[in-house]
Amino acid sequence: MEKSVARVLYGQGTSLNLTSRKIKAVPECVFRIKKLSVLQLNNNSISALPAELRSLRRLAELHLGNNALKELPAVLGHLESLKKLYLFSNQITVVAPEVMGGLHNLVVLNLNHNQIQRLPPEIRSLHGLQHLSLLDNQLEEVPAELGQLTSLTELNLTSNNLSGLPQQLYQCEELTKLYLARNKLTSLPEGIWALRKLQVLDVAGNKLFMFPVRFHLLPLRELHCEGNRFVRCEPMSAVQDAEVLSLKELVARFVLLEDRIRSSLVHRMLPHYPALTALAAAGSCCELCLNPFLTTWLECVHFISPKKDMKMTSVRVVPVRALLCSYKCLNTQGHSYYGIATR
Ligand SMILES: [Zn+2]
């Protein structure tokens, strides 16, 4: 070890490799190498990091995979120059909010193979984060603040205990790869279609029964979705009584429709009523007739064949959620939307 340290101390090196040296603590001489930018400490038995690590003000990469850390050491929160942090295969259970707060420049964070149950909302401080990997942990939920990581291009949450994801995920517009396999997801966030750069999606081994609205608009090149509980297309006849809409819904549909006409009184007056404007913003429109509705719709499904050039595993068509305005619409001929029956 002395040889490697000496070489870095007196040479031009800015990288120190102390991988697999049976180290239990970071040797003190390391803190004297002020120009150090890469420190590799993988495959050792390190269980804590000393405060002196702060003196490495140029440290950009820190490799601590395969060690014995039980939490994110507090000193990491002071390493503001850090861009890549690897902490895979430790025994980390807690991610302290204070540590997240200091890692503004982090681009890669790898926490694979630990025992993390939750992430703090302070994760929002990692503005520049592009790769976040938490493969094989015990996450039961992720905070809504994840949506504030707008530089994120790759997110790996494979093999956790997630039963849902925050709706805010659609704000991560740079996402190109999203790995969610082997969780307990029953649905994906609506609005996920807004991820206009998403190319790879892995949701294999979950409990999904359909994909969210407009899912087929995603520019996916690779979709892994085997081992879910997708609704199957087994058409059967059903008798429906025409729905009776509430007065609120009827008025809302009228207002939403009128609001589309620039010259209408409703369109001109609506901006003067902020509460009504906010309510109207929650409206959506029928996929079939394109007419608006507010809070009452028919939940339907259509079956989409993914693009021919898309890499798919096992499934040929995928069910995608669709919202229709009425039975009248559903009962018209010549479309491929189905109502959903449970048995
Ligand atoms: Zn309709």
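Residues numbered from 1 in each chain as written. Predicted model: local features only at pLDDT ≥ 70, side-chain atom pairs only at ≥ 80, totals over all residues. Heavy atoms only, no water.

## Topic: the overall build of the protein
Piece 1. Check the secondary structure of the protein and you find six helices and 16 strands.
Piece 2. A globule of 343 residues ought to have a C-alpha radius of gyration of about 20 Å, yet the protein, at 26 Å, is considerably larger.
Piece 3. Considered along the principal axes of its C-alpha atoms, the protein spans approximately 80 × 50 × 35 Å.
Piece 4. Buried residues in the protein amount to 43% of all 343 residues.
Piece 5. Entry remark: accessible area of the protein is about 18200 Å², with carbon and sulfur atoms responsible for 52%.
Piece 6. Looking at the protein, you have 38 positive and 28 negative side-chain charges, and the mean spots of the two groups are 7 Å apart. (Helix = DSSP H or I, 4+ residues; strand = E, 2+ residues; numbered from the N terminus. Rg over C-alpha atoms; globule rule 2.2 N^0.38 Å. Buried < 20%, exposed > 50% of the residue type's maximum accessible area, 1.4 Å probe, protein only. Areas by Shrake-Rupley, 256 points an atom, 1.4 Å probe, with all protein chains shown as cover. Lys, Arg positive; Asp, Glu negative; His and termini not counted. Charge placed at Lys NZ, Arg CZ, Asp CG, Glu CD.)

## Side note on helix α3 (residues 247-258)
Piece 1. With 12 residues, α3 extends 16 Å from end C-alpha to end C-alpha; this agrees with the ideal 16 Å at 1.5 Å per step.
Piece 2. Buried within α3 are the following residues: E249, A252, R253 and L256. For α3, the buried positions fall inside an angular range of 100 degrees around the axis, keeping them on one side. (Expected span 1.5 Å × (residues − 1). Arc of directions from axis to C-beta.)

## Observations concerning a nonpolar patch on the surface
Piece 1. A surface patch of nonpolar side chains, about 470 Å² in accessible area, is lined by L265, M269, Y273, L276 and L279.
Piece 2. Contributing elements (two or more residues each) for the nonpolar patch: α4 (265-269) and α5 (274-281).
Piece 3. Position of L265 among the secondary structure elements: in helix α4. (Patch = residues over 30% accessible without salt bridge, like charges linked within 9 Å, V, L, I, M, F, W, Y side chains within 5 Å. Salt bridge = Lys/Arg side-chain N within 4 Å of Asp/Glu carboxyl O.)

## Describing the sheet that holds strand β16 (residues 338-339)
Piece 1. Spatially, β15-β13-β16 is the arrangement adopted by the three strands of the open sheet, whose pairing is antiparallel. The two strands at the open ends of the sheet, each matched to only one other strand, are β15 (318-324) and β16.
Piece 2. Two strands pair when backbone bridges link them, and strand β13 (residues 298-304) and β16 are joined in this way by two bridges, in the antiparallel orientation. Each bridged residue has a counterpart across the sheet, and for C300 the counterpart in β16 is G339. (Pairing = 2+ DSSP bridges.)

## Some words on the environment of V203
Piece 1. Within the element layout of this structure, V203 appears in the loop between β9 (200-202) and β10 (222-224).
Piece 2. The exposure class of V203 is buried, given its relative accessible area of 0%.
Piece 3. The spacing of V203 and K184 is 19 residues in sequence and 9.9 Å in space, taken between C-alpha atoms.
Piece 4. Leave out the neighbours within four places in its chain, and V203 touches L180, A181, L188, L208, F211, H224, C225 and N228. (Contact = heavy atoms within 4.5 Å.)

## Here's the deal with the coordination of the zinc ion
Piece 1. Coordination of the zinc ion by the protein is provided by C286 (SG), C289 (SG), C325 (SG) and C329 (SG), with metal-donor distances spanning 2.2 to 2.3 Å.
Piece 2. If you look at the zinc ion, its four donor atoms make angles of 104 to 116 degrees with each other, and the shape they trace is tetrahedral.
Piece 3. Ordering the donors of the zinc ion by residue number gives the pattern C-x2-C-x35-C-x3-C.
Piece 4. Owing to a relative accessible area of 11%, C325 belongs among the buried residues under this scheme. (Donors = N, O, S within 2.8 Å, 3.2 Å for Na, K, Ca; no water. Tetrahedral: all angles 85-135°; square planar, octahedral: opposite > 155°, others 65-115°.)

## Thoughts on the pattern of salt bridges
Piece 1. Going through the model one piece at a time under the given rule, you end up with five salt bridges.
Piece 2. Residues E145 and R124 are paired through a salt bridge, measuring 3.8 Å at the closest nitrogen-oxygen approach. Linking E145 in the loop between β6 (131-133) and β7 (154-156) with R124 in the loop between β5 (108-110) and β6, this pair joins segments that are 21 residues apart in sequence.
Piece 3. Linking E249 and R253 is a salt bridge whose minimum nitrogen-to-oxygen distance equals 2.8 Å. Of the two residues, E249 and R253 are both situated in helix α3; the distance of four residues between them amounts to about one turn of the helix.
Piece 4. Through salt bridges with shared partners, one network takes in E190, E299 and R321.

## Structural notes on the side chain of N156
Piece 1. The residue N156 is located in strand β7 in this model.
Piece 2. Taking relative accessible area as the criterion, N156 reaches 16% and is therefore assigned buried.
Piece 3. Side-chain polar atoms of N156 contact the side chain of T158, separated by 2.7 Å.
Piece 4. Leaving out residues up to four positions away in the same chain, N156 has contacts with L132, S133, L134, L135 and Y179. (Polar contact = N/O pair within 3.5 Å; in protein donor to acceptor, adjacent residues only side chain to side chain.)

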